[in-house]
Amino acid sequence: MAAVDSFQLLYREISRSCSSYFEALALVGAVYATRRAVVLLRDCCTVVRVHFLPRMMPSGKLTQRYGDWAVIYGASEPVARAYAEELAQNGVSIIFITQDSSSVRDIVAFLTQTYGVETSVVTANFSLGQAAGKPITEALRGKDIGFLVNCVDETLASSPRSLIEIPEQDVLDQVNRNVTAATLMARLVLPGMVERSRGAVVNISSGACCRPQRGRVTLTAFTGYLDHFSRALHFEYSDKGIFVQSLIPLQK
């Protein structure tokens, strides 16, 4: 009876009967570990390709790689303004799309005087539906558009309100400014990029899409849309020479 009660004997008997299961579990663990290692290696290669190789081995001017013109919607926001300045510094001319021309007056004057690039301002009311695209289409005509930058309205983060506190018309205006505008801009710019097999689309949202907060329901929804919109564009157009970037700055 003492031998039967021995823990070592019991363990050996259980191990012998379960050996086949151990082998199967070991195989599953090996497959999982291999898969995670491949994903990690792919992500490391992406980081090197996107962030380090361009600095170590510059591949020519941006205008040669992508195009002579950039279209920026939401340039009154700090991150989009920084993008505009960086593009202008590299000799890229810029078309600013805005609903209020006074919001980009300063950045337009600064870029023109500092970098000598050509600039243009197009006023568009995205609540007009299809008619909103007509002045933009005219501004794009005949231009080698290499960049599209869309930026979410960051003022949504500065004045948190619950959804039921926002007037219905304000909700519709916010949808037009953040969802309709970004989608329509991509629809207008992408055909030329696809035809030339080069171009870059940058959508700037916010960390709110990763961590919802009280009083910021619409901001969370709009930024989440921009991020997934970018992923969908990458899936559909990356093999056509279009580079798509989703920026999620973690500002409050």
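Since the model is a prediction, treat every value here as computed from it, not as a measurement.

(A) Looking closely at the overall build of the protein chain. Helix and strand counts for the protein chain stand at 8 helices and 6 strands. The N-to-C order of helical and strand elements in the protein chain reads α-α-β-α-β-α-β-α-β-α-α-β-α-β. Among the 252 residues that make up the protein chain, the fraction classed as buried is 35%. Put simply, of all contacts in the protein chain between residues at least 6 apart along the chain, 75% involve residues at least 24 apart. Of the roughly 15,200 Å² that the protein chain leaves accessible, carbon and sulfur atoms contribute 59%.

(B) Layout of the pairing of strand β6 (residues 242-247). The sheet contact formed by strand β5 (residues 199-204) and β6 spans 6 bridges and is parallel. Bridging from a neighbouring strand, V201 pairs with V244 of β6. Between β5 and its parallel partner β6, the chain crosses via helix α8 (residues 217-237), and the hand of that crossover is right-handed.

(C) Up close: a nonpolar patch on the surface. On the surface, a cluster of nonpolar side chains totalling about 250 Å² of accessible area is made up of V47, V48 and F52. Looking at the element boundaries, V47 is found in helix α1 (residues 7-56).

(D) Representation of the nonpolar core. One finds V71, I95, I97 and F126 to be the most contacted residues of the largest nonpolar core, which totals 26 residues. Considering each element in turn, this core owes the most residues, 6 residues, to helix α7 (residues 168-196). With residues near it in sequence (within four places) discarded, I95 still touches W69, A70, V71, I72, S120, V122, A139, L140, K143 and I145.

(E) Layout of the packing of aromatic side chains. Summed over all chains, the structure comprises 4 aromatic pairs. An angle of 50° between the planes, with centres 5.0 Å apart, marks the rings of Y66 and F147 as tilted. Highlighted residues: Y66 in the loop between α2 (62-65) and β1 (69-73) and F147 in strand β4 (residues 145-151), separated in sequence by 81 residues. Across the pair, F147 and Y66 agree in class, each one buried. Relative to F229, the ring of Y225 lies with its centre 5.5 Å away and its plane at 10°, an arrangement referred to as stacked. In this pair, Y225 and F229 both sit in helix α8, 4 residues apart, roughly one turn of the helix.

(F) Broad picture of helix α4 (residues 105-115). Along α4, the residues that are buried comprise I107, V108 and L111. Seen from one end, α4 has its buried residues packed into an arc of 105°, which puts them on one side. In this structure, α4 carries R105, D106 and Q113 as exposed residues pointing more than 90 degrees from its buried face. Structurally, α4 contributes buried residues whose contacts are with α3 (78-89), β2 (93-98) and β3 (119-123). One or two steps after α4, the chain reaches G116, where phi turns positive at roughly 70°.

(G) Representation of the side chain of D227 in the model. Positionally, D227 belongs in helix α8. Among the polar contacts listed, one links the side chain of D227 to the side chain of S246, at a separation of 2.7 Å. Not counting the four nearest positions on each side in its chain, D227 is found in contact with S246 and I248.

(H) Summary view of the side chain of S205. Tracing the backbone through its elements, the reader meets S205 in the loop between β5 and α8. Of the residues examined, S205 reaches a relative accessible area of 0% and is grouped as buried.

Rules and cut-offs
- Residues numbered from 1 in each chain as written.
- Predicted model: local features only at pLDDT ≥ 70, side-chain atom pairs only at ≥ 80, totals over all residues.
- Heavy atoms only, no water.
- Helix = DSSP H or I, 4+ residues; strand = E, 2+ residues; numbered from the N terminus.
- Buried < 20%, exposed > 50% of the residue type's maximum accessible area, 1.4 Å probe, protein only.
- Contact = heavy atoms within 4.5 Å.
- Areas by Shrake-Rupley, 256 points an atom, 1.4 Å probe, with all protein chains shown as cover.
- Pairing = 2+ DSSP bridges.
- Right-handed = clockwise from strand over helix to strand, strands pointing away.
- Patch = residues over 30% accessible without salt bridge, like charges linked within 9 Å, V, L, I, M, F, W, Y side chains within 5 Å.
- Salt bridge = Lys/Arg side-chain N within 4 Å of Asp/Glu carboxyl O.
- Core = buried A, V, L, I, M, F, W, Y, C linked by side-chain atoms within 4.5 Å.
- Phe/Tyr/Trp six-rings, centres within 6.5 Å; stacked < 30°, edge-to-face > 60°.
- Arc of directions from axis to C-beta.
- Polar contact = N/O pair within 3.5 Å; in protein donor to acceptor, adjacent residues only side chain to side chain.

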